[in-house]
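If you want the building blocks of each chain, they are given just below.
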Amino acid sequence: FNYMSQKINENQMELAQFERESAWKEMAKQVAHEIKNPLTPMKLLIQQLVVSYEEKSDKFDEIFKKVTITVLNQIEILKNIASEFSNYARMPNLKIEKINLIEIINESISLFIYENKKIELNNSQNEIFINADKDHLKRTFINLFRNSFQANANKIEVIVDLVYDNVIINIKDNGCGIEKENINKVFLPNFSTKEKGMGLGLSMAKQYIENINGNISILKTDKEGTIFQIKLPVIQ
């Protein structure tokens, strides 16, 4: 009996250790993904600024202002992630506040303005207010835009409509679409069709959206492109 009790205790300790290691590995992957998110557009912006300077472009001052504002905003996001992870070993808590959705979409689009691709916002409203964490929401849009470009899209249309007490955001691209057998898997943690993908982007996007009482789904996908749909409650 004593031998069996000892073995049970050892197994429980091993299981607890395994669970802790698994949790930390998952956390490390999530943090790495969140940190990597802003780096690509920041790099592209700095490269564009260097080219503008070397070519003595007459738009240098305008480009410099846009680049510095955007890069400083992204650095602040990275600082928040690093600070929260350092202090609490977890991703940043939600900071829910009243925000202008249109402003967040435009800020997300601006990160890709120097790529050789096009993102258009189709919307008749200048202001649509929702309760959300602006950094999490921005990362969600960035993830979706990047996924579209990685699916060989060169054009994305963001269509925003008000339907009763909700705002509907359709993100439509002209990429290669999602394989039929993968449609029900794309929001699962650790699922990725990319060779170096960690499979966290869409699962975290789903988590962010559901945390603010919204939902995200695939409205349509085929060889001509994909439409992701986000539905969020609006506030007055």
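Scroll up for the structure.
Overview of the structure. Just so you know, the residues in each chain are numbered from 1, in the order the chain's sequence is written. Predicted model: local features are reported for residues with pLDDT of at least 70 only, side-chain atom pairs are reported and counted for 80 or more only, and whole-chain, interface and lining totals are derived from all residues. With hydrogens and water excluded, all non-hydrogen atoms of the structure serve as input to the side-chain values.

### Let's talk about the overall build of the protein
So, point 1. Secondary structure assignment for the protein yields five helices and seven strands.
So, point 2. Sequence-ordered secondary structure for the protein, helices as α and strands as β, is α-α-β-α-β-β-α-β-β-α-β-β.
So, point 3. Residues are treated as being in contact if the distance between any of their heavy atoms lies within 4.5 Å. By sequence separation, contacts in the protein at least 24 residues apart represent 71% of the contacts at least 6 residues apart.
So, point 4. Counting every atom, the protein has about 14400 Å² of accessible surface; 51% of that belongs to carbon and sulfur. The way it works is that DSSP assigns letters per residue, a run of H or I at least four long becomes a helix, a run of E at least two long becomes a strand, and they are numbered from the N terminus. With residues, only the protein chains shown are counted as cover, and all accessible areas are computed by Shrake-Rupley using a 1.4 Å probe.

### Quick word on the packing of aromatic side chains
So, point 1. Note on ring pairs: Phe, Tyr and Trp rings are taken, using the six-membered ring of Trp, and paired if centres are within 6.5 Å. Classes follow the plane angle, with under 30 degrees stacked, over 60 edge-to-face and the rest tilted. Enumeration according to the criterion identifies five aromatic pairs in this entry.
So, point 2. When the ring of Phe141 is compared with that of Phe145, the centres are 6.4 Å apart and the planes differ by 25°; the resulting orientation is stacked. Here the residue Phe141 and the residue Phe145 both occupy positions in helix H4 (residues 134–150), the gap between them amounting to four residues, near one helical turn. Phe145 matches Phe141 in its accessibility class, with the two residues each being buried.
So, point 3. Joined through ring pairs, the aromatic side chains of Phe112, Phe141, Phe145 and Phe149 make up one cluster.
So, point 4. Whether a charge sits over a ring depends on NZ of Lys or CZ of Arg being within 6 Å of the ring centre and within 35 degrees of the ring normal. Sitting above the plane of the Phe149 ring, Lys117 keeps its charged end 5.4 Å from the centroid. Burial here depends on accessible area, computed with a 1.4 Å probe over protein chains only, as a share of the maximum for the residue type. Under 20% is buried, over 50% is exposed, and the range in between is partly exposed.

### Quick word on the packing of H4 against helix H5 (residues 201–211)
So, point 1. Throughout, an axis means a line fitted to C-alpha atoms (over the contacting stretch in the case of helices), and angles, computed between N-to-C directions, take values from 0 to 180 degrees. Remark: H4 packs on H5, axes separated minimally by 9 Å, with the N-to-C direction vectors making an angle of 145°. Remark: the crossing between H4 and H5 carries left-handed chirality. The residues of H5 that touch H4, namely those facing His136, Leu137, Arg139, Thr140, Asn143, Leu144 and Asn147, are Gly201, Leu202, Ala205, Tyr208 and Ile209.
So, point 2. Residues of the contact of H4 with H5, tallied by class, amount to six nonpolar, five polar and one charged. Two helices crossing with the near one rotated counterclockwise from the far one by less than a right angle form a left-handed crossing, whereas a clockwise rotation gives a right-handed crossing. Residues were grouped as follows: Ala, Val, Leu, Ile, Met, Phe, Trp, Tyr, Cys and Pro as nonpolar; Asp, Glu, Lys and Arg as charged; and all remaining residues, including Gly, as polar.

### Things to note about the side chain of Ser108
So, point 1. In this structure, Ser108 sits in helix H3 (residues 101–110).
So, point 2. Among residues more than four places away in sequence, those in contact with Ser108 are Lys138, Phe141, Ile142 and Phe145.

### What about H3?
So, point 1. All buried positions along H3 are accounted for by Leu101, Ile102, Ile104, Ile105, Ser108 and Ile109. On an axial view of H3, the arc spanned by its buried residues comes to 160°, and they lie on one face.
So, point 2. Between a side-chain oxygen at the N-terminus of H3 and the backbone nitrogen of Ile102 the separation is 3.2 Å; the capping residue is Asn100. Directions from the helix axis toward the C-beta atoms define the arc. Definition of a polar contact: a pair of N or O atoms within 3.5 Å, with one able to donate and the other able to accept a hydrogen when the atoms are protein atoms, and with sequence-neighbouring residues admitted only if both atoms are side-chain atoms.

### Side note on the pairing of strand E7 (residues 225–233)
So, point 1. With respect to burial, E7 is a largely interior element, seven of its nine residues being buried.
So, point 2. A pair of strands is considered paired only if DSSP assigns at least 2 bridges between the two. Strand direction decides the pairing type here: strand E5 (residues 166–173) and E7, joined by seven bridges, are antiparallel. Within E7, the position partnered with Val167 by the bridge is Leu232.
So, point 3. Of the strand pairs in this sheet, strand E6 (residues 215–222) and E7 are connected by seven bridges, and their pairing is antiparallel.

### Some thoughts on the sheet that holds strand E4 (residues 155–163)
So, point 1. Read across the sheet, five strands follow the order E2-E4-E5-E7-E6 without closing on themselves; strand pairing throughout is mixed. Two strands bound the open sheet, and with one partner strand each, they are strand E2 (118–122) and E6. Sheet twist, expressed as the average angle between the axes of neighbouring strands with direction ignored, equals 15°.
So, point 2. Against the sheet, H3 contacts E2, E4 and E5, and its axis sits at roughly 170° relative to E2.

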